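# Coordinates in review
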Amino acid sequence: MKVVVVGSGGREHGLAEVLGRHAEVVVTPGNPGIPGSVATPVEELVSDGSVDLVIIGPEQPLVDGLADRLRALGVRVFGPGADGARIEGSKAYMKDLLVEAGCPTARYGSFADLEPALGFLRSLPGPYVVKTDGLAAGKGVLVTDDLGEAEADVRDKLAGTAFGDAGRQVIIEEHLSGPEVSVFAVCDGTRTVCLPPAQDFKRVGDGDSGPNTGGMGAWSPLPFVEAGFAELVAEQFIEPTLSALRARGVEYRGVLYAGLMLTSEGPKLLEYNVRFGDPDSQVVLLRCTSDLAELLAAAADGDLTTVPAPTFADDAAVLVVAASEGYPVSPRTGDVIEGVEAARSVEGATLLAAGVGADAGGDLVTAG
Ligand code: AMP
Ligand code: GLY
């Protein structure tokens, strides 16, 4: 099978690594640290009909309708169309859908006007959770004990000063607590196969301190999660969501990434993403012992029953991010990344490149 992965980060490198065990893989645009990266746009790569499957990694091209455009050309695509990607593109839409599907989630209000938003906020016991409706590169959520800070955040978001148009609608939520887990549900429009859960760690510093990042590490399997959890997530969350989507005319073929909190009242859904997590999917996918390309192709074809259930090694996978100086506030770029070959030669270690460029001499350098 010939597979094209669209994207340029660690998630795409992880996908390419695991897909590459069974398929021929090209990544566009990739980065200089990902083997098989090509600058050729995906539309051009598929134009001669030689590509069997395109997997779209990041949310932005999905929200922008890349999957629709490729499907219109007759290409087999793993990734939702713009209608399905709205789940990640608008948190208000996602929350409404969750209620419709009967999935446990935090109580919430969604507001475009300041006074009702502040009224709702003041009616909550705190801590306060304020989110932008639109995409904000993982930075649109404030969780705080301080009502004044939450009010200021609502003002900034609604005024468009904090997140532009993405913030002109805000979601204010009841605060939940408990460990967070990620479940990646491979969906064929009707059915789903939920992969084993993972957990990621977002704060930059040791001991879970400092500002949030895109993720500093991840692990899988999770020792504190009971057997059968993935199946429970499929039944309680993913299948009802796929039904609610179908009722709206949306055929969702791609991954639904469920961000769940294990509360004292049972698992509740914090959010859906329409893509694999980064870096949490890498630790799950690297444990996969079956043919991932075949699984994702079956989902793209709309029939997961044609392939065997995926299998996973019992081995643990632990991912650690080595970030550039100053990350995430102002990452320094252009520093040569040393020790790459030595790291690659460690038995059982896999090196994945994200935010990586190359200098004139061909050395890998920090780029984000
Ligand atoms: P989200 O982008 O919606 O997943 O939110 C980002 C992070 O904010 C989550 O991973 C949680 O750590 C935190 N968070 C979001 N919603 C809540 C909530 N209702 N209660 C407590 N923490 C939350
Ligand atoms: N691991 C967090 C995310 O991909 O959104």
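Above this text is the structure in question.
Summarised in this report is the structure supplied together with it. Position labels on residues start from 1 in each chain and follow its written sequence. Each chain takes a letter, starting from A, and each ligand takes a number, starting from 1, following the order in which they are written. Totals for whole chains, interfaces and linings use all residues, but because this is a predicted model, local features are given only for residues with pLDDT of at least 70 and pairs of side-chain atoms are given and counted only at 80 or more. To obtain the side-chain values, all non-hydrogen atoms of the structure were used and water was disregarded.

## Comments concerning the site of ligand 2
Spelled out, the test is: Neighbouring residues are identified by heavy atoms, a residue being near a molecule or strand if any of them is within 4 Å of it. In the analysis that follows, any N or O atom pair within 3.5 Å is treated as a polar contact, provided that within protein one partner can donate a hydrogen and the other can accept it, and provided that, for residues neighboring in sequence, both atoms belong to side chains. In this description, accessible areas are obtained by the Shrake-Rupley approach with a 1.4 Å probe, and a residue is regarded as covered only by the protein chains that are shown. Amino acids are sorted into nonpolar (Ala, Val, Leu, Ile, Met, Phe, Trp, Tyr, Cys and Pro), charged (Asp, Glu, Lys and Arg) and polar (every other residue, Gly among them).
Close to ligand 2 lie Asp200, Tyr257, Arg275, Gly277, Asp278 and Asp280. Here Asp278 contributes a backbone N or O atom positioned 2.9 Å from an oxygen atom of ligand 2. For ligand 2, a nitrogen atom lies 2.8 Å from a polar atom in the side chain of Asp280. The protein chains hide 87% of the 200 Å² of surface that ligand 2 would expose on its own. Residue composition of the shell around ligand 2, grouped by class: 1 nonpolar, 1 polar and 4 charged.

## Some details on helix α5 (residues 82-89)
This is how it is decided: Burial here depends on accessible area, computed with a 1.4 Å probe over protein chains only, as a share of the maximum for the residue type. Under 20% is buried, over 50% is exposed, and the range in between is partly exposed. Segments assigned H or I by DSSP are reported as helices when at least four residues long, segments assigned E as strands when at least two residues long, and all are numbered from the N terminus. This arc corresponds to the set of directions leading from the helix axis out to the C-beta atoms. Here a residue-residue contact requires only that any non-hydrogen atoms of the pair lie within 4.5 Å.
Among the residues of α5, Gly84, Ala85, Ile87 and Glu88 are the ones counted as buried. Here the buried residues of α5 occupy an arc of 120° about the axis, which is enough to place them on one side. Taken together, the buried residues of α5 touch α3 (59-63), α6 (91-101), α9 (229-247), β13 (253-263) and β14 (266-273).

## Remarks on the site of ligand 1
Around ligand 1 lies a shell of 14 residues, among which Lys131, Glu173, Leu176, Glu180 and Glu271 are the nearest. Within the backbone of Glu174, one N or O atom sits 2.9 Å away from a nitrogen atom of ligand 1. In this structure, Glu180 approaches ligand 1 through a side-chain N or O atom, which is 2.5 Å from an oxygen atom. Against a free-state accessible area of 470 Å², the protein chains account for coverage of 85% of ligand 1. Among the secondary structure elements, those contributing two or more residues to the shell around ligand 1 are β6 (128-132), β7 (141-144) and β14. For the shell around ligand 1, a count of residues per class yields 6 nonpolar, 1 polar and 7 charged.

## Considerations on unusual backbone geometry
Phi is mostly negative for residues that are not glycine, and the peptide bonds are mostly trans. Across the junction of Thr28 and Pro29, the peptide omega takes the value -5°, indicating a cis bond. Note that Pro29 resides in strand β2 (residues 24-29). A cis amide bond, omega -10°, links Gly126 with the succeeding residue Pro127. Topologically, Pro127 is positioned in the loop between α7 (114-123) and β6. If you check the backbone angles, Asp208 has positive phi at about 60° while not being a glycine.

## Brief notes about the sheet that holds strand β3 (residues 53-56)
Quick reminder of the rule: When DSSP finds at least two bridges between two strands, those strands are taken to pair. In this analysis an axis means a line fitted to C-alpha atoms, helices contributing only their contacting stretch, and an angle means the value between N-to-C directions, from 0 to 180 degrees.
Pairing is parallel in the open sheet, where 4 strands are placed in the order β2-β1-β3-β4. Of all strands in the sheet, those with a lone pairing partner are β2 and β4 (77-78), marking the two edges. Against the sheet, helix α1 (residues 10-19) makes contact with β1 (2-7), β2 and β3, and its axis sits at roughly 170° relative to β1, the strand it touches most.

## Structural notes on the nonpolar core
Using the following cut-off: Nine residue types can take part in a nonpolar core, namely buried Ala, Val, Leu, Ile, Met, Phe, Trp, Tyr and Cys, and a core is a set of them joined through side-chain atoms within 4.5 Å.
Counting 47 residues, the largest nonpolar core has Val54, Ile87, Ile238 and Tyr272 as the members making the most contacts within it. Ranked by residues supplied to this core, first place goes to α9 with 9 residues. Dropping the residues within four chain positions of it, Val54 is found in contact with Val4, Val6, Val42, Val46, Leu70, Val75, Arg76, Val77 and Phe78. Ile34, Leu195, Val283 and Ala299 belong to the second largest nonpolar core, which has 39 residues in total.

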